[in-house]
Amino acid sequence: MIEIENIHKIFNEKSSEPFEALKSITLHIAKNEAIILSGVSGSGKSTLLSLIASLDKPSSGKIVVDGELISKLPDLHASHYRAKSIGFIFQHFNLLEALSVEENIIAPLIPSRLDIITIKKQAQESMQRAGIAHKASQTIRELSGGEKQRCAIARALVTDPKLIICDEPTANLDKANSLKFIEILSTLKALGKTIIVATHDPIFDTLPFESRLIKMEDGRIVDE
Ligand SMILES: Nc1ncnc2c1ncn2[C@@H]1O[C@H](COP(=O)(O)OP(=O)(O)OP(=O)(O)O)[C@@H](O)[C@H]1O
Ligand SMILES: [Mg+2]
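Attention in this report is confined to the structure presented alongside it. The written sequence of each chain sets the order in which its residues are numbered from 1. For naming, the first written chain is A and the first written ligand is 1, with later ones following in the order written. Two thresholds apply to this predicted model, a pLDDT of at least 70 for residue-level local features and 80 or more for giving and counting side-chain atom pairs, whereas whole-chain, interface and lining totals are computed over all residues. In computing side-chain properties, one takes all heavy atoms of the structure into account and sets aside hydrogens as well as water.

**Here's the deal with the site of ligand 1**
It suffices for a single heavy atom of a residue to lie within 4 Å of a molecule or strand for the residue to be listed as near it. The immediate surroundings of ligand 1 are formed by 14 residues, with Ser 41, Gly 42, Lys 45, Ser 46 and Thr 47 found nearest. N or O atoms closer than or at 3.5 Å make up a polar contact, with two conditions inside protein: a donor-capable atom paired with an acceptor-capable one, and, for residues adjacent in sequence, both atoms drawn from side chains. Within the backbone of Ser 43, an N or O atom sits 3.2 Å from an oxygen atom of ligand 1. Between an oxygen atom of ligand 1 and a side-chain N or O atom of Lys 45, the distance comes to 2.7 Å. Taking 640 Å² as the accessible area of ligand 1 by itself, protein coverage stands at 62%. We count a stretch as a helix when DSSP gives it H or I for four or more residues in a row; a strand needs E for two or more, and each element gets its number in order from the N terminus. Element by element, the count of residues in the shell around ligand 1 is highest for helix H1 (residues 45-52), at three residues. We call Asp, Glu, Lys and Arg charged. Ala, Val, Leu, Ile, Met, Phe, Trp, Tyr, Cys and Pro are nonpolar, and the rest, Gly among them, are polar. Here the shell around ligand 1 is built from residues that sort into four nonpolar, eight polar and two charged. Here the open area of atoms and residues is found with the Shrake-Rupley method and a 1.4 Å probe, where only the protein chains shown may cover a residue.

What follows is the structure, encoded as structure tokens:
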């Protein structure tokens, strides 16, 4: 499903101090695989995720997702690709604090031109899947950290993306909420989603589903 071929990413390429954050990364990910991307801080995990999500472009090399050459997509196409194919889950949740859970979850569907009944139905389904439906009308600032993360999961699922990308998803969660998060990932894996998680959290060392551990060091894959 994802072919990453000989990717390099150089920041500040034209300055006197260019920095090569990714060095010749080649990685193939099959549909429905769960990839755990590990490595110390600064090893390039988030940079790699942002290229797969087409939030940024590689300096050289190519990335093909589902037959589409996303490393060359113009910006407008890149945002369509993200909206259609990818669910993001971040460490800091990136929710709109003043809005309700349901409003946050509906937001990604606004550009879809679906009617409001369909939108509400899809939001309800993904809230249930993430275990946050009972807080639908509460504002984000009233939620606990674990509840915010479940809201972020529901928002990531509402467009029914094929690919779920998580960057340090458990960094702000306690053990119980981290385990709940892993349970939800397990459900997503069973639903056929492809999952990529960048994390330092040792809780990902033993998972209740099949996964592939990839270790990064200094912009390279050092261990699979
Ligand atoms: N926009 C940027 N401009 C310049 N350097 C950058 C930029 N983004 C990232 N870097 C550098 O690239 C390297 C890799 O960063 P990245 O965020 O991918 O690491 P990471 O493995 O996700 O680390 P962490 O575990 O701390 O999140 C770091 O040295 C970082 O300083
Ligand atoms: Mg990171």
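From this point, things continue past the structure.
**Quick look at the pattern of salt bridges**
Think of a salt bridge as a Lys or Arg side-chain nitrogen and an Asp or Glu carboxyl oxygen that are within 4 Å of each other. For the coordinates displayed, the defined rule picks out nine salt bridges. In this structure, Asp 218 engages Lys 23 in a salt bridge whose closest nitrogen and oxygen atoms are separated by 3.2 Å. In this pair, Asp 218 is assigned in the loop between strand S9 (212-217) and strand S10 (220-223) and Lys 23 in strand S2 (residues 19-29), connecting sequence segments 195 residues apart. Burial classes: relative accessible area under 20% of the type maximum marks a residue as buried, over 50% as exposed, and values in between as partly exposed (1.4 Å probe, protein chains only). Asp 218 gets classed as exposed once you look at its relative accessible area, which sits at 53%. Of the charged contacts in the structure, one is a salt bridge between Lys 162 and Asp 66, with a shortest N-O distance of 2.7 Å. Residue Lys 162 is found in the loop between helix H5 (145-157) and strand S7 (163-167), and its partner Asp 66 is found in the loop between strand S4 (60-65) and strand S5 (68-69); the two are separated by 96 residues along the sequence. With relative accessibility at 37%, the residue Lys 162 sits in the partly exposed group.

These figures capture arrangement, not role.
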